[in-house]
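# Fold and contact review
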Amino acid sequence: MSNTIQKNLNYKKYVVSSKLQYFKLHSSKTEKTFAEEISSSLNHDSKFINPKFFYDKKGSDLFEKICSLPEYYLTRTEISILRKFQPELSSYIDENFRLVELGSGTSVKTRLILDVLTQLHDSVDYFPIDISEILTESSEELLKNYAGLHITGIIDTYEDGLEFLKNFDKKKNLIIFLGSSFGNFSPNDGFEFLQKINSTMKSGDLFLIGLDLIKDKQILESAYDDSQGVTAKFNLNILSRINAELDADFNLKNFSHLAIYNEEKQRIEMYLKSLVNQSVVVSKSNLLLNFKKDELIHTEHSHKYKLSQIHELLDSAGFQIKHTWLDDNKYFSLTLVSIKSDP
Ligand SMILES: C[S@@+](CC[C@H](N)C(=O)[O-])C[C@H]1O[C@@H](n2cnc3c(N)ncnc32)[C@H](O)[C@@H]1O
């Protein structure tokens with residue numbers, strides 16, 4: 001059996017109404033993946049946790065709070081660029097495009113694009129892909145405001161969501177990937193992921209990517225270590241999630257949040273630091289972990305880019321750059337591309 005067919009069998013389809021359906025992996029599969037990945041990533045000399053596991057219900061709620069913190073310039077800056085982009089979008093969209101969003105979260109920024117698409121067409125298809133169940137809540141909220149909207153959501157990883165999309169139908173797609181979430185990939189994985197997006201796209205499809213730009217170290221570090229401690233709670237919540245879902249006994253008081261900007265690697269590095277020598281059991285991953293005082297668990301990278309690097313990266317992954325929009329401070333960028341064979 002091919003992987004794609006196998007994967008489709010793993011999904012359960014939920015039809016909420018004639019305007020909202022979503023596909024979700026069976027929960028036993030999700031828990032198994034979580035237990036297995038934690039089992040290998042914490043059983044290392046350099047321990048790490050994949051940032052996709054931040055987003056249980058509590059993590060998604062905390063991320064929403066982060067977005068409105070004064071230090072977290074990313075969200076408000078990208079929204080200001082989307083406002084500049086809005087009047088120009090219709091010149092790139094010549095027919096009834098479907099909107100596909102990777103890591104849609106609360107779909108707040110999505111509204112700026114839906115405002116334009118729903119002005120152009122009576123009926124608009126939206127295809128959010130997000131690992132978090134927040135997708136269902138966000139979709140129901142959107143339907144309250146956009147009468148002509150039809151939503152098919154995939155609660156799964158970006159990669160598997162794209163695979164699903166590839167086999168879905170022949171309609172043209174505008175794929176958006178906002179919030180600089182791409183910056184969480186390592187350079188190699190990111191390049192492969194861009195190639196995956198490129199190979200999912202057909203002639204005429206468009207891809208819009210929001211990426212954060214290099215700026216003053218102080219501004220960057222404050223954005224990931226805010227004065228109210230919300231980002232610290234977000235980072236530590238991943239341990240609460242492991243406690244709850246994998247039957248573990250992390251004592252959160254024995255860990256602290258750390259975010260530093262690595263200038264050479266052009267990235268914020270986020271860690272959980274063990275404050276004491278300690279042992280932790282993760283029952284469902286069959287782990288007994290020993291931490292030394294000051295030992296780090298790496299939880300997230302957030303890469304920052306020069307504009308020239310963004311263009312080189314997209315070009316080498318097979319994209320044709322249509323346009324890049326920036327804010328007045330040149331803090332953040334939005335770049336629209338097609339595949340190279342397109343005019
Ligand atoms: C940093 S938030 C960005 C949310 C929103 N796009 C924005 O710009 O504000 C990342 C979103 O992607 C989702 N996510 C993170 N890793 C993922 C993965 N590997 N596959 C699918 N979704 C993922 C999270 O649940 C979250 O909603």
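That block above? That's the structure.
Attention in this report is confined to the structure presented alongside it. (Residues numbered from 1 in each chain as written. Predicted model: local features only at pLDDT ≥ 70, side-chain atom pairs only at ≥ 80, totals over all residues. Heavy atoms only, no water.)

Moving on to the packing of aromatic side chains. Summed over all chains, the structure comprises 28 aromatic pairs. With centroids separated by 6.1 Å and ring planes inclined at 70 degrees, the aromatic side chains of Tyr-72 and Tyr-224 adopt a geometry described as edge-to-face. Note that Tyr-72 is positioned in the loop between α3 (57-67) and α4 (73-89) and Tyr-224 in the loop between α9 (217-223) and α10 (230-246), a separation of 152 residues in sequence. Exposure class is identical for Tyr-72 and Tyr-224. Each is buried. Put simply, the rings of Phe-54, Tyr-55, Phe-63, Tyr-72, Tyr-224 and Phe-234 touch in pairs and so form one group of aromatic residues. Seen from the ring of Phe-34, Arg-241 lies directly overhead, with NZ or CZ sitting 4.7 Å from the centre. (Phe/Tyr/Trp six-rings, centres within 6.5 Å; stacked < 30°, edge-to-face > 60°. Helix = DSSP H or I, 4+ residues; strand = E, 2+ residues; numbered from the N terminus. Buried < 20%, exposed > 50% of the residue type's maximum accessible area, 1.4 Å probe, protein only. Lys NZ or Arg CZ within 6 Å of the ring centre and 35° of its normal.)

What follows concerns the site of the ligand. Near the ligand you find 15 residues, and of these Gly-103, Lys-109, Asp-130, Ile-131 and Tyr-158 are the closest. A distance of 2.9 Å separates a nitrogen atom of the ligand from a polar atom in the backbone of Tyr-158. Protein burial of the ligand: of its 590 Å² of free accessible surface, 91% is covered by the chains. Here the shell around the ligand is built from residues that sort into five nonpolar, six polar and four charged. (Near = heavy atom within 4 Å. Polar contact = N/O pair within 3.5 Å; in protein donor to acceptor, adjacent residues only side chain to side chain. Areas by Shrake-Rupley, 256 points an atom, 1.4 Å probe, with all protein chains shown as cover. Nonpolar A, V, L, I, M, F, W, Y, C, P; charged D, E, K, R; others polar.)

Attention now moves to the sheet that holds strand β9 (residues 255-262). Ordered by their spatial adjacency, four strands build an open sheet running β3-β13-β10-β9, and the pairing between neighbours is mixed. Whereas interior strands pair on both sides, the edge strands pair on one side only; in this sheet they are β3 (47-48) and β9. Inspection of the sheet shows β3 paired to strand β13 (residues 296-303) by two bridges, in the parallel sense. The partner of Lys-47 across the bridge, within β13, is Ile-297. Here α10 sits on the sheet and contacts β9, β10 (267-274) and β13; the angle it forms with β10, its principal contact strand, is near 60 degrees. (Pairing = 2+ DSSP bridges. Contact = heavy atoms within 4.5 Å. Axes fitted to C-alpha atoms, helices over the stretch in contact; angles between N-to-C directions.)

Within strand β4 (residues 98-102), five of the five residues are buried, which leaves the element mostly enclosed by the surrounding structure. Residue alternation in β4 divides its side chains into two sets, Arg-98, Val-100 and Leu-102 and Leu-99 and Glu-101, and both sets are buried. Of the pairings in the sheet, the one linking β4 to strand β7 (residues 173-177) comprises four bridges and is parallel in character. Its bridge partner being in β7, Arg-98 is matched across the sheet by Asn-173. With four bridges joining them, β4 and strand β5 (residues 124-130) adopt parallel strand pairing. The partner of Val-100 across the bridge, within β5, is Phe-127.

Another point: the nonpolar core. If you look at the biggest cluster of nonpolar residues, it comprises 66 residues, and the most contacted ones within it are Ile-38, Ile-113, Leu-174, Leu-208 and Phe-250. Of the domains in this structure, domain 1 (42-59 + 217-303) and domain 2 (72-216 + 305-339) are the two that each give at least three residues to this core. Sequence-distant contacts of Ile-38, that is, excluding residues within four places in its chain, are made with Asn-43, Ile-49, Phe-53, Ile-242, Leu-246, Val-282, Ser-285 and Leu-287. Counting residues in each nonpolar core, the second largest holds 32 residues, with Leu-25, Leu-162, Phe-185 and Ile-310 among its members. (Core = buried A, V, L, I, M, F, W, Y, C linked by side-chain atoms within 4.5 Å. Domains from an automatic or database assignment.)

In terms of burial, strand β2 (residues 20-25) is largely enclosed, as six of its six residues are buried. Bridge count between strand β1 (residues 11-17) and β2: six bridges; the pairing is antiparallel. Of the residues in β2, the one forming a bridge with Lys-12 is Lys-24. Counting the residues that bridge the hairpin from β1 to β2 gives two residues.

Where α3 is concerned, the buried positions are Gly-59, Ser-60, Leu-62, Ile-66 and Cys-67. Burial along α3 is one-sided: seen end-on, the buried residues are contained in an arc of 160 degrees. Of the exposed residues in α3, the ones pointing more than 90 degrees away from its buried face are Lys-57 and Lys-65. Buried-residue contacts for α3 involve α4, α6 (134-145) and α10. (Arc of directions from axis to C-beta.)

Next up on the list: unusual backbone geometry. The backbone of Ser-107 shows a phi angle near 60 degrees, a positive value even though the residue is not glycine. Tracing the backbone through its elements, the reader meets Ser-107 in the loop between β4 and α5 (110-120). A positive phi angle is found at Asp-294, which is not glycine, with a value near 75 degrees. In this fold, Asp-294 is placed in the loop between β12 (287-291) and β13. Judged by relative accessible area, which is 42%, Asp-294 ranks as partly exposed.

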